[in-house]
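Below, each chain spelled out in residue letters.
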Amino acid sequence: MPSFTPSPSSTPSLAPHKASTAAQSRNPVSLRLYKVLGTNFDDEATREALRTLSDLYATPSHGKGKAVQRGDDELDDDDEESRVRSKDATELPSGESAAHARRNLRKDMEQKLAEGSRHFLTAFGEVDQKLGELQKHVDAMHASLDDAEKQLQLTNEASSSLLEKAGNLRQERQEVEVKKSIVELFLARFALSEGEIEAITSRDVPLGQRFFGAMDRTERIRDDCRVLMAGEEGPTKAGLEIMSSTLSYLEQGYEKIARWCSYEFRQIGRDAHLEVTPTMREAVRRLRQRQELLTCALSELSQTRQASLLSSFLTALTRGGPSGLPRPIELHAHDPMRYIGDMLAWVHQAIAAEREFFESLFGLKADGRMVGSVRQFDDKSEEEDWIRELMDLAVGKLCVPLKESSIVSYKIANLLQFYLVTMRRTIGTDAILSKTLQEITEVAYKVFFDAVEALGRSLLRVPLDNSDPSLTPPISIIEHAQVLREIMNVYQSSLIGNEDEEKLISGFEHVLDIMVDPAIEMCTNTAEAKARAVSRWDMSVFVLNCLSYLLSVLEPFAFTVNKQKALQATMNERVVILTDEHYHDIMVDAGLYDIITVCDKWDRSEPLSYIPTVRPQELKSALQRFSVWLSGLEVVQSQRLSHLSVQRLHTTIHQAALERMAQGYKVICDEVRKPENKYEAASTLLGSERPFGQVHLLWQIFGLEEKD
């Protein structure tokens, strides 16, 4: 609708119409018109409403087309029906348009509202479609979110368990770290490091500060461990293991010290100039904790010092010092006082040097004693005992050159005897020289016999070593027999050759008595003592071996025939004893000893088969055992008799025992076959096992000739 603005020319004059105003005031059109005319169109909302109606009912004009077109453009292009209706309304004439607007305003407005509603419905349909699609996406998103939430919940649950485990592991790790630190501290306190173990056990690490430090550390660990093990709960497993391992390392360390000391002692024992290093002194001090190892090491030192001192003494006697200075002591042998004085002075000097060496070795300080003053021997310390023993052993060999041996004294006595006989034949018995030689010869023989008797007494004082299981003659017997052999060689070489047999034998009989008898007594007495102290030690075999050895020493010399007979008689007695023992042993091993004992002691008051030991069942078991024994090696050679040094004795004793066994088997077979002994099927009982009751077959098995 076009905007309407009243102009002044069109406004009627109010004066002429005052009379008719009252009449028209009741006219609705007038009232409506005046109401419209009196309306204020300055209100923006009213103006906007009028513009909307003007646009809706615009008249067709070229000037207004753009306005109409603008209104059409504001409509939706897709709504053709709305565009057609709008076109029809706008194409009406202005008068008709106003009338049309007055008549159809509500309808048009409703249509317009309906079109707008349809437009909104269409738009909202698309929106609803999009919203539906959006809802689907939202539902899908919700489903995904639900799945994600479920997955997250599961993940949270899994994560919570993992977190819980991680927390537990973290706590356990902290506990383990604490325990680890405790264990590390414990091991640092109670365990040796790899370097310390290597220092103790490795041969590549020499004795020194590193080694001794490792040993001290091991000792401290053991001391600390003893304190831990002294609790109320008693020793722990860890404590016992620590004590065991450290003890093993300590033993290896002490063995290493012992090996090192033995080697060093062998080297230092050969040197004329003795020097003790701090390492050696420390090694000896520590080795005193193991007396057996120290004893072995010092034995090496003692042996090498003995040999070294003896060699040096003999060199001083015969060769002198370097380049002949000082001169040999034996050059003054014509002067007995100087000769003996020089020898004893050398020995005294050697003893002083040995004493100084051993004091330095054991770390003893000087006692402040003046040279030549009397030494006090009341010191009971262990070091003094070691020093005295070692010095005694070291200078013991020096006694040999200082005194004449029994062999030398016997040679001198025989030489004097030879010249005594020669002078008697030359100048007579009553000559002064003959009498002088007679006196000197008697003194020489007295010295010889005294020396030989001393040898015999010293031999009787030598005990057998209980730790030695050997059945061969001991070293003391062998050395004693060697001296006897040399004396017999001297006696044989001193013979002229025209002596009769009786005089030849009697001239050496006293020597044999005082040399052989102590040896025999030593073998028997000490063997009996050792047999009582040591179980399963064969005294009979040992004594026969010793007697056989002594007999072998005497056999090459004809003037020992009487002593050989006496020695052989003693051996025969021992052979009988050993034969009885061997017969007893093989009968026990064969299972026949109890049966033959019953047969020998049976008083025949009742049948033999009634005696429990020889009932048929027991007899059958014994014969089975005897059959098994016959298949063994004991029939050919006895393990016990194999230790005899003379094979002839082995054969003699074994065959004699087998002969007695065959005779005993014959006695058993004869008694079983007798009817009065009441053995049922005696032949079957004896014939069930080898040798099937046939005595001659047993002799064949033994390889012996059957004897009645």
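- In the nomenclature of an unreviewed UniProt entry, the protein chain corresponds to Conserved oligomeric Golgi complex subunit 6 from the organism Armillaria gallica.
- We quote the UniProt Subcellular location (unreviewed entry) comment for the protein chain here in full: "Golgi apparatus membrane".
- Checking UniProt for the protein chain, the heading Subunit (unreviewed entry) contains the comment "Component of the conserved oligomeric Golgi complex."

### Remarks on the overall build of the protein chain
Step number 1: Broken down by element type, the protein chain carries 25 helices and zero strands.
Step number 2: In the protein chain, of all internal contacts separated by at least 6 residues, the share reaching a separation of at least 24 is 71%.
Step number 3: A total of about 44700 Å² of accessible surface is found on the protein chain, and carbon and sulfur atoms cover 55% of it.

### As for the side chain of R286
Step number 1: With respect to the element layout, R286 can be found in helix α10 (residues 278-287).
Step number 2: We classify R286 as buried; its relative accessible area is 10%.
Step number 3: Engagement of the side chain of R286 in a polar contact is seen with the side chain of E282, the distance being 2.8 Å.
Step number 4: With sequence-adjacent residues up to four places away left out, R286 is seen in contact with F212, M215, D216, Y254 and I257.

### Section: the packing of aromatic side chains
Step number 1: By the definition in use, this model includes 15 aromatic pairs.
Step number 2: Ring centres of F357 and F358 lie 5.2 Å apart, and the angle between their planes is 55°; this geometry places the pair in the tilted category.
Step number 3: Relative to W629, the ring of F626 lies with its centre 6.3 Å away and its plane at 15°, an arrangement referred to as stacked. Here F626 and its partner W629 are both found in helix α22 (residues 616-630), three residues apart, which amounts to about one turn of the helix.
Step number 4: According to the relative accessible area criterion, W629 is buried, its value standing at 9%.
Step number 5: The ring of Y583 has R660 sitting right over it, with the charged end atom 4.2 Å from the ring centre.

### Let's talk about the packing of helix α18 (residues 501-533) against helix α19 (residues 539-554)
Step number 1: Contact pair α18 / α19: the axes reach a minimum separation of 9 Å and the direction vectors enclose 165°. With respect to their mutual orientation, α18 and α19 come out roughly antiparallel. Seen along the crossing, α18 lies across α19 with a hand that is right-handed. Counting all contacts with α18, which are made through L512, V516, A519, I520, C523, T524, A527, E528 and A531, the residues of α19 involved are M539, F542, V543, C546, L547, L550 and L554.
Step number 2: Taken together, the residues of the contact of α18 with α19 sort by class into 14 nonpolar, one polar and one charged.

### Details of the side chain of T579
Step number 1: Tracing the backbone shows T579 in helix α20 (residues 561-590).
Step number 2: Accessibility expressed as a relative area gives 9% for T579, which makes it buried.
Step number 3: At 2.6 Å, the side chain of T579 and the backbone oxygen of V575 are in polar contact.
Step number 4: With near-sequence residues (within four places) excluded, T579 lies in contact with I653, A656 and A657.

### Some points on the packing of helix α9 (residues 237-268) against α10
Step number 1: Where α9 contacts α10, the axes come no closer than 10 Å and their chain directions differ by 130°. Between α9 and α10, the angle falls in the class oblique. Pair α9 / α10 crosses with left-handed handedness. Contacts between α9 and α10 involve Y254, I257, A258, W260, C261, E264, F265 and I268 from the first element and T279, M280, A283, V284, R286 and L287 from the second.
Step number 2: Here the contact of α9 with α10 is composed, by residue class, of 11 nonpolar, one polar and two charged.

### Here we look at the confidence of the model for the protein chain
Step number 1: Of the residues in the protein chain, 84% have a pLDDT of 70 or more, and the chain-wide mean is 79.
Step number 2: Throughout residues 1-19 the model reports pLDDT below 50, and contacts reaching past four residues in sequence, or to other chains, amount to nine contacts.
Step number 3: Confidence over residues 61-82 falls short of pLDDT 50; this stretch has 16 contacts with residues more than four positions distant or in other chains.

### What to know about a nonpolar patch on the surface
Step number 1: Together, F120, F124, V127, L131 and L134 line one region of the surface with nonpolar side chains, adding up to about 490 Å² of accessible area.
Step number 2: Residue placement: V127 occurs in helix α6 (residues 94-190).

### With respect to the environment of L704
Step number 1: Tracing the backbone through its elements, the reader meets L704 in the segment after α25 (695-702).
Step number 2: Taking the relative accessible area as the measure of exposure, L704 reaches 13% and is therefore buried.
Step number 3: Counting along the chain gives 45 residues from L704 to E659, while the straight-line C-alpha distance between them is 7.7 Å.
Step number 4: Residues contacting L704, with those up to four places away along its chain left out, are Q655, L658, E659 and W699.

The rules we used
Residues numbered from 1 in each chain as written. Predicted model: local features only at pLDDT ≥ 70, side-chain atom pairs only at ≥ 80, totals over all residues. Heavy atoms only, no water. UniProt positions renumbered as here; feature names shortened; annotations may be inferred. Helix = DSSP H or I, 4+ residues; strand = E, 2+ residues; numbered from the N terminus. Contact = heavy atoms within 4.5 Å. Areas by Shrake-Rupley, 256 points an atom, 1.4 Å probe, with all protein chains shown as cover. Buried < 20%, exposed > 50% of the residue type's maximum accessible area, 1.4 Å probe, protein only. Polar contact = N/O pair within 3.5 Å; in protein donor to acceptor, adjacent residues only side chain to side chain. Phe/Tyr/Trp six-rings, centres within 6.5 Å; stacked < 30°, edge-to-face > 60°. Lys NZ or Arg CZ within 6 Å of the ring centre and 35° of its normal. Axes fitted to C-alpha atoms, helices over the stretch in contact; angles between N-to-C directions. Parallel < 35°, antiparallel > 145°, perpendicular 65-115°, else oblique. Left-handed = near helix turned anticlockwise from the far one by under 90°. Nonpolar A, V, L, I, M, F, W, Y, C, P; charged D, E, K, R; others polar. pLDDT = per-residue confidence, 0-100. Patch = residues over 30% accessible without salt bridge, like charges linked within 9 Å, V, L, I, M, F, W, Y side chains within 5 Å. Salt bridge = Lys/Arg side-chain N within 4 Å of Asp/Glu carboxyl O.

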